[in-house]
Amino acid sequence: MAEDDDIPLTGRVREKLIESKQEWAREGRLLTGTTADPSRDRLPPGQTLVKDWPVLDLGIQPDVPKEKWRLRLEGLVEAPLRLTWDDFMALPQTEAVSDIHCVTQWSRYDNRWQGVKAADLLALARPKPAARFVAFTSYDGYTTNVPLAEFARDEVLLAHSWEGEPLTRQHGGPVRVVIPRLYFWKSPKWVTRIELLGADRPGFWEVRGYHNNGDPWLEERYG
Ligand SMILES: Nc1nc2c(c(=O)[nH]1)N[C@H]1C(S)=C(S)[C@@H](COP(=O)(O)O)O[C@H]1N2
Ligand SMILES: [Mo]
């Protein structure tokens, strides 16, 4: 995308961190071998509660000014969307509280997000019947994937704020995806492109030993 050439990329890719997370996957670290029922057990197996909010990413934290930010929803849709910041903020706004579950073992309860519901965006773009998967691309080059049915769930948000304040750059501002029912690596920060596909397209961690689906209550950490 030529128009992204002038988005400043600060930081550098943390190769050692990526290598050690791949090793975790190879060794099956943190696996308890149990499952839980999300309707009864709020904390998924093997997770530890934290009160602060850790920052995790590949090391590059793009500085995306709102004027240059674009969000595209395209692929197998009737009406592709290409939204500016003003377009995005003019859409119906939703507030939702959800828990975070990171595959590196921490969970954080009661995060209050503000943003646009994925379901509202999908209603505007109108997925074609053949659309079954979603592939996300972010300004740092990160990718991840989920089934369309997971993205369409009522609690999924494209969040621009957290606890009433604009999302910080470290946590994925201007806009990140929040998919509470899956491990947090499935919630891309600095998202810019959402593609609806007929065939699945595994993302950055999914091709490096992490599970394609990523349900925390089924301990789908690696796969
Ligand atoms: N664009 C982008 N999104 C990303 C990542 C990333 O490296 N780049 N890391 C993922 C991982 S592994 C986690 S655990 C969460 C961390 O989000 P946080 O830094 O806000 O806690 O972001 C996810 N989304
Ligand atoms: Mo993560």
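What should I look at first to understand empty space enclosed by the protein in this one?
If you roll a probe as big as a water molecule over the atoms, it shows you where there is empty space left. Counted under the stated rule, the structure contains 2 cavities of 30 Å³ or more. Computed from the structure, the largest cavity encloses a volume of approximately 300 Å³. Looking at the largest cavity, it is lined by 23 residues, and the ones nearest its centre are Leu-56, Asp-57, Phe-184, Trp-185 and Lys-189. When grouped by side-chain class, the residues that make up the lining of the largest cavity number 15 nonpolar, 3 polar and 5 charged.

Help me out: how do you make sense of the sheet that holds strand E4 (residues 71-75) in this one?
Remark on secondary structure: sheet strands pair via backbone hydrogen bonds, oriented parallel or antiparallel. Here we have 5 strands laid out as an open sheet, ordered E5-E4-E13-E8-E9, and mixed in their pairing. In this open sheet, the two strands that pair with only one neighbour each are strand E5 (81-83) and strand E9 (143-147). Taken pair by pair, the neighbouring strands of this sheet meet at an average axis angle of 15 degrees, ignoring direction. Relative to E5, E4 runs antiparallel, the two sharing 3 bridges.

Would you explain unusual backbone geometry in this entry?
Glycine aside, negative phi is the norm for most residues, and most peptide bonds take the trans geometry. That bond from Gly-173 to Pro-174 is cis: its omega, 10 degrees, falls within 30 degrees of zero. Along the chain, the position of Pro-174 falls in the loop between strand E11 (165-166) and strand E12 (176-178). Positioned with a positive phi, Asp-110 is a non-glycine residue whose angle comes to about 55 degrees. We classify Asp-110 as partly exposed; its relative accessible area is 45%. Despite not being glycine, Glu-163 has its phi angle at roughly 55 degrees, a positive value.

What is the right way to read the pattern of salt bridges from this model?
Pairing between side chains becomes possible if they bear opposite charge and their charged atoms approach one another. Counted under the stated rule, the structure contains 16 salt bridges. Between Arg-112 and Glu-95 there is a salt bridge, with the nearest N and O atoms lying 3.3 Å from each other. On the criterion of sequence distance, the pair formed by Arg-112 in strand E7 (residues 106-117) and Glu-95 in strand E6 (residues 94-101) is long-range, its members being 17 residues apart. Look at Arg-112 and you get partly exposed, because its relative accessible area is 30%. Salt bridges sharing common partners tie together Arg-72, Glu-74, Arg-193, Glu-195 and Arg-201.

What counts as what
- Residues numbered from 1 in each chain as written.
- Chains lettered and ligands numbered in written order.
- Predicted model: local features only at pLDDT ≥ 70, side-chain atom pairs only at ≥ 80, totals over all residues.
- Heavy atoms only, no water.
- 1 Å grid on protein atoms, 1.4 Å probe; cavity = no way out; pocket = protein on both sides within 12 Å on 5 of 7 lines; lining within 4 Å.
- Points joined across faces, edges and corners; volume = space filled by probe spheres on them.
- Nonpolar A, V, L, I, M, F, W, Y, C, P; charged D, E, K, R; others polar.
- Pairing = 2+ DSSP bridges.
- Helix = DSSP H or I, 4+ residues; strand = E, 2+ residues; numbered from the N terminus.
- Axes fitted to C-alpha atoms, helices over the stretch in contact; angles between N-to-C directions.
- Buried < 20%, exposed > 50% of the residue type's maximum accessible area, 1.4 Å probe, protein only.
- Salt bridge = Lys/Arg side-chain N within 4 Å of Asp/Glu carboxyl O.

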